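# Analysis of the macromolecular model
Here is how the chains run, residue by residue.
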Amino acid sequence: MGVSHISNRSEQQPEGWSRRGILGVLGAVPAVALTGCSSGSADASENTTGTSGSASTKAAPAVKQPVISVTPADGTKKAAFTSPVEVTVTDGTLASVTVTGNDGSTLAGSLDEAGTTWTSTAHPYSGTKYTVTAQAEGAAAQTATFTTKSPGETFVGYFTPEANSTSGVGMPVSINFSHAVSDKAAVEKAITVTAEPAVEIVGHWFSATRLDFRPKTYWAAGTTITLGLRLKDVEGSNGVYGMQSKDVTFHIGRAQISTVDLSSKKMTVERDGATLATYPVSGGDSDHTTWSGIMVISERFKQTRMESSTVGLGDEYDISDVPHAQRLTTSGTFIHGNYWASTSIFGSQNTSHGCVGLHDAKGANDSSVAGYEFYASSTLGDVVIVENSGEKTVDAANGLNGWNLSWADWTAGSAL
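Because the structure is predicted, anything quoted here is derived from the model rather than measured.

Conventions and cut-offs
Residues numbered from 1 in each chain as written. Predicted model: local features only at pLDDT ≥ 70, side-chain atom pairs only at ≥ 80, totals over all residues. Heavy atoms only, no water. Helix = DSSP H or I, 4+ residues; strand = E, 2+ residues; numbered from the N terminus. Buried < 20%, exposed > 50% of the residue type's maximum accessible area, 1.4 Å probe, protein only. Contact = heavy atoms within 4.5 Å. Areas by Shrake-Rupley, 256 points an atom, 1.4 Å probe, with all protein chains shown as cover. Core = buried A, V, L, I, M, F, W, Y, C linked by side-chain atoms within 4.5 Å. pLDDT = per-residue confidence, 0-100. Arc of directions from axis to C-beta. Pairing = 2+ DSSP bridges. Axes fitted to C-alpha atoms, helices over the stretch in contact; angles between N-to-C directions.

Counting its secondary structure elements, the chain contains three helices and 29 strands. The burial tally for the chain puts 42% of its 416 residues in the buried class. Contacts spanning at least 24 positions in sequence make up 65% of the contacts within the chain whose residues lie at least 6 apart. Roughly 20200 Å² of accessible area belongs to the chain as shown, and the carbon and sulfur atoms make up 50% of that amount.

Below, the structure written as structure tokens:
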């Protein structure tokens, strides 16, 4: 946060605040006595009609000194953090105001036209001790301190992808909140996603706990994305405040898009617009059709266990070492290697329980097979498009698959 500073015009040393939070210099300048010439006695000074030349002696009016006050008041221990800091002066104008937290942050602010009221442009952070130093024109600088209270219940946003990671062109910025958000506009306003090269990026709420950001089309290869979280002390729902204030950078690598045609049972892999490879595949059978649509690789495992009971298919299978598995949906769709099926099914039959399979070898170490090759060429955020599967388009919230929404539908999901 920036430092607000109005040029100091006095180099006098700071003095302490009063217990009432008043910063003013309270001492009065002694009255100046003005004495006229007189040749008479003291009683003659009361003669207003005589010609003796006598004059009355009058005291000059006292000069008022500037009085500065601050809100929250000096010494406050549990000040609110939902209102700005305000410094005011009477009988003078403000020359400078600084507000510094014990975390090293500062609060910027501005003066009104009269120069008598300074207001911070942002609210103070919760759980922070602040020192206010203010100076009026022609007076010594004064200081006060206050401490803001800590929030009660809090929330954070867990973001994907990881900081400083490099992903494929389909990777959205996805944020999952630890507490349901009711004031979606306030939370979305506190989050920025920018890209270089620049492109319009819009948020879409899938639920009260999930907010994703994406551009109209896939990211350009080589894009740098910056996520700005300014959620600290943002009230996401009644009495629940955000905790984060940070910036995170992601990178987009090369553009790899793979198209799976389950009619021809082939997958064509394109990288940066050129065909990289074509692989025979096997998709879901007629009883377990594979989702169609645009899907994004969200997890990758060299080997993993797949058990049918976890996807509602009872005890149909339990394979402890599925090679080269890459997740496409939250509900359990993967594109993975398959060593237990006959080599002849790939490219000729759809026999799986909904996943897309490529020929592979047990142990996941044979670099000559399709499963190994495709896995080695892939990364998180790569796009896999499934066509002619006999199944409807995957729900956009089922995985990182918001690309299945039109731009109009996507932008309609923003709270701003």
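We now examine the nonpolar core. Grouped together as the largest cluster of nonpolar side chains are 33 residues, with contacts concentrated most on Phe177, Val187, Ile191, Phe213, Leu227 and Leu231. Those residues in contact with Val187 that sit more than four places away from it in its chain are Phe155, Phe177, Val181, Trp205, Leu231, Val234 and Gly236. Membership of the second largest hydrophobic core comes to 19 residues, among which are Ala79, Ala136, Ala139 and Ala144.

Summary statistics for the chain give a mean pLDDT of 88 and a share of 86% for residues scoring 70 or more. Throughout residues 1-55 the model reports pLDDT below 50, and contacts reaching past four residues in sequence, or to other chains, amount to 101 contacts.

Our focus in this paragraph is helix H2 (residues 370-377). Among all positions in H2, only Ala370, Gly371, Phe374, Tyr375 and Ser377 are buried. Seen along its axis, H2 keeps its buried residues to an arc of 165°; they face one direction.

Turning to the sheet that holds strand S11 (residues 157-160), a few remarks are in order. One open sheet accounts for four strands, arranged S11-S13-S16-S15; its pairing is antiparallel. Both edges of this open sheet fall to S11 and strand S15 (202-207), since each of them pairs with a single strand only. Each strand axis lies, on average, 20° off the axis of its neighbour in the sheet, ignoring direction. Direction of pairing for S11 relative to strand S13 (residues 173-177): antiparallel, over a ladder of four bridges. In the sheet register, Tyr158 faces S13, and the bridge partner there is Asn176.

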